[in-house]
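Residue-level structural notes
So you can see what is in the structure, the chains are spelled out below.
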Amino acid sequence: MLGLLVGFSWPSYLSSELLYGRTDNVAKYVRTWDMTKVLPPDAGLEVQGIFHRYTITKESSADATVSIVNKNANGSGNIYERHDNWNQLPSNTKIGFDVVTPSLGKRWGDGSIDVTGEATLSDVIVAYNYRFDPCFIPLSDPTCPDYESALYQYLLDNDLINNEPDIDDPYYDEWVQYQLDIKAEQKEEEEAKKEKEAEEAEEELKMERALSVAGAAEQIANPMQQLAMMQQLVSTGTLDSYYGATIEGGTYEDAIELKDAEIKDNTRALRNLAQDKLHRTIVRSQYDK
Amino acid sequence: MIKRLATIALLMSATSAMAVDSPINGVVEPKCSIWTETNGVYGHPLPYKLTTKPADGGVKAIIRVDVAQADYYKTKFTHPNSFSSSPTLNDAVAWTGSTAVSQVSVSGMSAYEAAKVTYNNTTEFNMTLAGSTWFTVESEAQYGSTKALPAGNYTAMIVAECIAK
């Protein structure tokens, strides 16, 4: 179990990337919209921008204000609001994109676009840019970086490590896979252990063989054993070519031949000898006095 | 002794003093940029006429001007008064055209249209607000009085400029 815990605690180096997207035009048919039906349901989704485009038709002398608003779903007030002042301005088409500090989509309440004053809106487009982490809930996808540790934690929290969950459990398949993984891991460990034992046994055998050779050396040093070995060698004919050879009888003449007719004295050697004699005489004279 | 030391110090300082050119660098990023969002296309509703009016099969050119610093620039659009390339024409071409604000990123830019200045085939806008403004440029060419235009490809250029005020 400890090994298993360690195995699950290893960090996974898979990385999850943020996915970005934009909603459809939420104001295509209506001027108010429910954000829970607009934003994808992905957990951890954050809104990071609002795009708008509309055409306002009015008299230049008239006053009008166009407002785009999202209520704060978790409290009072608005989480986003934009008010375009068209007072004393001619008709036109406006395009804009507001970058907002990314905030959870759940905080974004009902949205609306409205015009106050003497003006009408047409060709309205409002769309939300969002981003989300597909691994915000690691158990949502087996490829998520923290999937294994999250699954282990789930099984631990629900006391399912050693108990089979109900088949209706949302992670029943994962539990089965988890058990299979454990068995596979145990099998691998056992095989590795066996392999290691086999290697150790092989090493031991090699040592025994080496030791048996050393014993033979002692036996070779024994004279009786040597005699027995020689007899064995001769009996097998190994030394027969030496012991069984015969030499013919008769006279064997000297084969030395001197090619030079005269051999000169070695004068250098004679000189050395003379010097040696002189030296000896000198040394001897010291004792003769 | 003190005097001598002082003299030496002065000499040393005199020899170490050198003329050095120390540059100061700076980069000026453009605060006004022009982008062609839609290329204009001439329709050919009549043998002697080329026009960008959608009703006549043409497409108006849409040019976006992005201004990062409010009230420092004006933009100038010159709609064509000649073809940059065309078959050989032996008669005069009568040119008309216009430039208008079509879309804005700030509601106040809608006032640019009323304040524009037009002369010859040029239209000027005073860019008093920061943001993007879309301009639509129309062009129409009429050959001779009602003479048929020779077959071939015709190209004319719109000149859009951003000028510091």
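Now for a quick tour of the structure.

**Let's talk about the interface of chain A and chain B**
Across the contact, 10 residues belong to chain A and 11 residues belong to chain B. When residues of the side of chain A that touches chain B are traced back to their parent elements, those giving at least two are β5 (78-85) and β6 (92-104) of chain A. Considering every element that reaches the side of chain A that touches chain B, the biggest residue donor is β6(A), with 5 residues. Pairing of β6(A) with strand β7 (residues 93-104) of chain B, which is carried by 2 bridges, proceeds in the parallel orientation. Looking at the pairing, Thr93(A) lines up with Gln103(B) of β7(B).

**Focus: the sheet that holds β5(A)**
Spatial ordering of the open sheet is given by β2-β7-β4-β5 (chain A), a layout of 4 strands whose pairing is antiparallel. At either end of the open sheet lies a strand with only one pairing partner, and these are β2 (32-33) and β5 of chain A.

**Some details on the sheet that holds strand β5 (residues 73-78) of chain B**
Residues and elements named next belong to chain B. If you trace the 4 strands from one edge of the open sheet to the other, you get β8-β9-β5-β12, paired in antiparallel fashion. A single partner strand is all that each edge strand has here, and the edge strands are β8 (117-119) and β12 (159-164). Each strand of the sheet is rotated relative to its neighbour by a mean of 20 degrees, with strand direction disregarded. Bridge count between β8 and strand β9 (residues 122-127): 3 bridges; the pairing is antiparallel.

**Some details on unusual backbone geometry**
Phi is mostly negative for residues that are not glycine, and the peptide bonds are mostly trans. One non-glycine residue, Asp123(A), lies in the positive phi region at around 50 degrees. Accessibility expressed as a C-beta count within 10 Å gives 11 for Asp123(A), which makes it exposed. Not every positive phi belongs to a glycine, and Asn120(B) is a case in point at roughly 50 degrees. Secondary-structure assignment places Asn120(B) in the loop between β8 and β9.

**Things to note about the pairing of strand β4 (residues 61-67) of chain B**
Residue and element names in this part refer to chain B. Burial along β4 is one-sided: the face carrying Ala61, Ile63, Val65 and Val67 is buried and the face carrying Ile62, Arg64 and Asp66 is not. Here 6 bridges tie strand β1 (residues 32-38) to β4, and the two strands are oriented antiparallel to one another. The partner of Ile34 across the bridge, within β4, is Val65. Judged from the 7 bridges that link them, β4 and strand β10 (residues 131-143) form a sheet pairing that is antiparallel. Within β10, the position partnered with Arg64 by the bridge is Trp134.

Here is what the cut-offs are and how they apply
- Residues numbered from 1 in each chain as written.
- Chains lettered and ligands numbered in written order.
- Predicted model: local features only at pLDDT ≥ 70, side-chain atom pairs only at ≥ 80, totals over all residues.
- Contact = placed C-beta atoms within 7 Å.
- Helix = DSSP H or I, 4+ residues; strand = E, 2+ residues; numbered from the N terminus.
- Pairing = 2+ DSSP bridges.
- Axes fitted to C-alpha atoms, helices over the stretch in contact; angles between N-to-C directions.
- Buried ≥ 20, exposed ≤ 12 C-beta atoms within 10 Å, placed from the backbone.

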